[in-house]
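Chain by chain, the residues run as shown.
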Amino acid sequence: TLRMTFSEKGQVSAQVFVRDGELFDEEVGTSVVYGSVEKQIDVCFNEPMITGIEYEMVGTVKDNVGNSTTFLIPFVGFNSRVPLIVMTEIQSESVNSQTSDESAHGYNRNEFVEFLVLTDGNLSGLEFVSAYDGVERGFKFPGLEVKRGEILLVHLRKRGNGCVSELGDDLNLSKNSYSKNGIRDLWVTTEETALGNKTDVLVVRNSANGSVIDYVFYRESKVVEWNKKFSAVLEFLKDYVDINDVEIAALADGKSSTKTLNRSDAGMLLEKVKTGFEFSSPLEMQGDNWIIAPANPGTL
C-alpha cells in the first residue's frame, strides 16, 4: 500500500509501473481505497512489491469542483528485512599509485569503509552518510541480499582502473588497490575525495524511517567541539547519544594514508555472529573500541 494525503478532498486515478532504466516496463495492478481519514487515499497493489525495485506511480487527482492535476511519484519496493551492519575499518585518506605494480595497472588507494553484516537481510534503503561530506553525498546501498558474517567494502571514491561494483555472485570483479577477492566491493560514482581525514561523524541509517543502524565518531585530539557543518548528520543521532560530547570519539591523530581506524572488537563480533547471538541496533559507540593499524580491508 502507498498512502497519499492531500490538502483537500479529491478523487484519484493511478497506475503503477516497474522502472526499467529510464523507461516504464510492466504495469502493476492497483486499486484505490478512500480511507476513513478525510483527505487520505490508499493505493493498494495487487501483488507484493519487490524489495529494492524502483517503481513509478502516475496518476490524476481531481477535487470536488472539477479542478485536476497530474502527478508522478517514484518509490522503491519496501524493505521489511533491513540487516544490521557495523563499520569495522575506516580509511579516510587517499593517495596516488604506491607500487610499480599499482602504477602499471592504473590503480589508486581510495577512501573506503569496511562493514560486517550482523544479521541476514536486504541492503535496500540503507544509506551511509558522512558529516564532513554532507547528507547530499550519502551513499545509498543497492538492493542486495546479504548474510550474517559477510564483509562488505564500500569504496568512497571511484578513481583508477578496476572500480567495479560486485552486484552478483562473482566477488572477484573489483581490482583496484584496496579491493579484496571473495569480499563484496561496492563503489560510489563520484571521483571527489571523501570523508574528513582525521575528524568526522559517520552514520548508517534506514532512509525509510530514519532509524540509525550504526555510527562512528572520530576526531583529532585538538578538536574540542564539532564543526557547525556537521549539525545535519549529528541531528540523526540525537535520540541515541549525546551529540555534543566529543570525548566519545575515537582519536585519529595517528591515521595516515597507510594506517586506518580499525574496530578492535570486530573479530569478537564475528564470533558472536557465528554463535547466533541476537544483536540490538545501533551498537554503543566507544572510542576505545577503535585503534590505529595498517590498512587491511576485508580481513576484520
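Caption draft 1: Fine view of the packing of aromatic side chains. Under the counting rule described, the total for this entry stands at ten aromatic pairs. Seen in terms of ring centroids, Tyr55 and Phe75 are 5.4 Å apart; in terms of plane orientation they differ by 15°. Their pairing is stacked. Within this pair, whereas Tyr55 is found in strand β6 (residues 54–62), its partner Phe75 is found in strand β7 (residues 68–76), the two being separated by 20 residues in sequence. Taken individually, Tyr55 and Phe75 each receive the classification buried, so the pair is uniform in this respect. With a centroid separation of 5.7 Å and an interplanar angle of 80°, the aromatic rings of Phe115 and Phe141 are classed as edge-to-face. With Phe115 in strand β9 (residues 112–117) and Phe141 in the loop between β12 (139–140) and β13 (145–146), this pair connects stretches of sequence that are 26 residues apart. Classification of Phe141 by relative accessible area gives buried; the value is 5%. Through successive ring pairs, a cluster of aromatic residues spans Phe115, Phe128, Phe139 and Phe141. When the ring centre of Phe236 is taken as reference, the NZ or CZ atom of Arg205 above it lies at 3.9 Å. We note Lys229 situated over the ring of Tyr132; from NZ or CZ to the ring centre the distance is 4.0 Å.

Caption draft 2: Molecular detail of the sheet that holds strand β14 (residues 151–155). With mixed pairing, the six strands of this open sheet are ordered in space as β15-β14-β9-β8-β19-β20. On the outer flanks of this sheet lie β15 (184–187) and β20 (290–294), each paired with one strand and no other. Averaged over neighbouring strand pairs, the angle between their axes works out to 25° when direction is ignored. Here strand β8 (residues 85–91) pairs with strand β19 (residues 259–263) via two bridges, running antiparallel.

Caption draft 3: Just the sheet that holds strand β18 (residues 250–251), in detail. Overall, mixed pairing links the five strands, which are arranged β12-β11-β16-β17-β18 in an open sheet. Only two strands of the sheet have a single partner each, and these edge strands are β12 and β18. The sheet contact formed by strand β16 (residues 200–206) and strand β17 (residues 212–219) spans six bridges and is antiparallel. The partner of Arg205 across the bridge, within β17, is Val212.

Caption draft 4: Expanded view of the side chain of Arg157. Topologically, Arg157 is positioned in the loop between β14 and β15. One buried charge, Arg157, has no salt-bridge partner; the nearest side chain with opposite charge is Glu111, at 4.6 Å. In this view, Arg157 contacts Ser94, Asn110, Glu111, Trp187, Val188, Thr190, Glu191, Glu192 and Thr193; residues no more than four positions away in its chain are not counted.

Rules of the game
- Residues numbered from 1 in each chain as written.
- Predicted model: local features only at pLDDT ≥ 70, side-chain atom pairs only at ≥ 80, totals over all residues.
- Heavy atoms only, no water.
- Phe/Tyr/Trp six-rings, centres within 6.5 Å; stacked < 30°, edge-to-face > 60°.
- Helix = DSSP H or I, 4+ residues; strand = E, 2+ residues; numbered from the N terminus.
- Buried < 20%, exposed > 50% of the residue type's maximum accessible area, 1.4 Å probe, protein only.
- Lys NZ or Arg CZ within 6 Å of the ring centre and 35° of its normal.
- Pairing = 2+ DSSP bridges.
- Axes fitted to C-alpha atoms, helices over the stretch in contact; angles between N-to-C directions.
- Lys, Arg positive; Asp, Glu negative; His and termini not counted.
- Salt bridge = Lys/Arg side-chain N within 4 Å of Asp/Glu carboxyl O.
- Contact = heavy atoms within 4.5 Å.

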